[in-house]
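Residues per chain, in single letters:
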Amino acid sequence: NDIDEAAIAAAAVLYIEGYLWDEPTAKAAIEKAIAAAKAAGRKVAFTLSDPFCVERWRSEFRDLVDTKIDILFANEAEAKALFAIENASQPTVSPTGKYLGYSDGQAVYLVDVATGQVAGRVADVGDVNAVAFHPSGTRVALLSAHKGAYYLFAVDMNSGKASPPFPVPVLS
């Protein structure tokens, strides 16, 4: 009953802390606030808060991310917990929220968030330093230390094909 739907409707973004999900009354309030934000055409931002919190509520958080969250905040440990990925680095979520990209040190994986299935894998890209999605979510850029130098790779999400490596000059 403490949810001010008018205040939510007046805001651009509703921001929710994931650790509040532990309390049943707070969880009900969050669900009511999300419904109010969506009814008003507002964005919903959610922070996973803590890997242990994510582990307790993984399936419910995955459902929220898949169906109600527009902006997700997560550090590497929280993203690994959400998608049950043990050996991953450089996790990133596509702007559309459809894909999660990460590296295991040997390859870059693109996972369909809704199903948890690997939608693409790019091998032999070296030690990935960064993974970034194009705003459309149709392409991914990889910055990698590969064969003694730094390279950029572009991956087309529709075909799954990686571009030839583009050398990045190292400025000293």
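Now for a look at the structure at hand. Please read all numbers here as calculations on a predicted model, not as lab measurements. (Residues numbered from 1 in each chain as written. Predicted model: local features only at pLDDT ≥ 70, side-chain atom pairs only at ≥ 80, totals over all residues. Heavy atoms only, no water.)

## With respect to helix α4 (residues 58-67)
How we decide: Exposed residues in this analysis have more than 50% of their type's maximum accessible area, buried residues have under 20%, and partly exposed residues fall in between, with area computed by a 1.4 Å probe over protein chains only. Here a strand is any run of E in DSSP of at least two residues, a helix any run of H or I of at least four, and the numbering for each starts at the N terminus. Arc, as used here, means the arc of the directions from the helix axis to the C-beta atoms. Two residues form a contact once any of their heavy atoms are found within 4.5 Å.
Within α4 the residues assigned to the buried category are F61, R62, L64 and V65. The buried side chains of α4 occupy one side of the element, clustering within an arc of 160° when seen end-on. Opposite the buried face of α4, by more than 90 degrees, sit the exposed residues S59 and T67. Contact partners of the buried residues in α4: α2 (24-39), β2 (43-47), α3 (51-56), β3 (71-73) and α5 (76-82).

## Structural notes on the nonpolar core
In a soluble, globular protein the nonpolar side chains are often hidden away together inside. Selection rule: Take the buried residues of types Ala, Val, Leu, Ile, Met, Phe, Trp, Tyr and Cys, join any two whose side-chain atoms come within 4.5 Å, and each joined set is a nonpolar core.
By size, the foremost hydrophobic cluster in this structure holds 27 residues, and its most contacted members are L14 and F61. When residues of this core are traced back to their parent elements, those giving at least two are β1 (13-17), α2, β2, α3, α4, α5, β5 (99-103) and β6 (107-112). In contact with L14, other than residues within four places in its own chain, are I8, A33, I34, A37, K43, V44 and A45. Membership of the second largest hydrophobic core comes to 14 residues, among which are V108, V125, V128 and Y151.

## Describing a nonpolar patch on the surface
Quick reminder of the rule: Candidate patch residues must exceed 30% relative accessible area and have no salt bridge, after which like charges are joined if within 9 Å and Val, Leu, Ile, Met, Phe, Trp or Tyr side chains if within 5 Å. To measure how exposed things are, a 1.4 Å probe is used in the Shrake-Rupley method; for residues, cover is taken only from the protein chains shown. By convention in these notes, a salt bridge is any Lys or Arg side-chain nitrogen within 4 Å of a carboxyl oxygen on Asp or Glu.
Nonpolar side chains collect at one region of the surface, where V13, Y15, I71 and F73 lie side by side and expose about 350 Å² of accessible area between them. Those elements that place two or more of their residues in the nonpolar patch are β1 and β3. In this fold, V13 is placed in strand β1.

So far we have only geometry, and geometry alone does not tell us how the molecule works.
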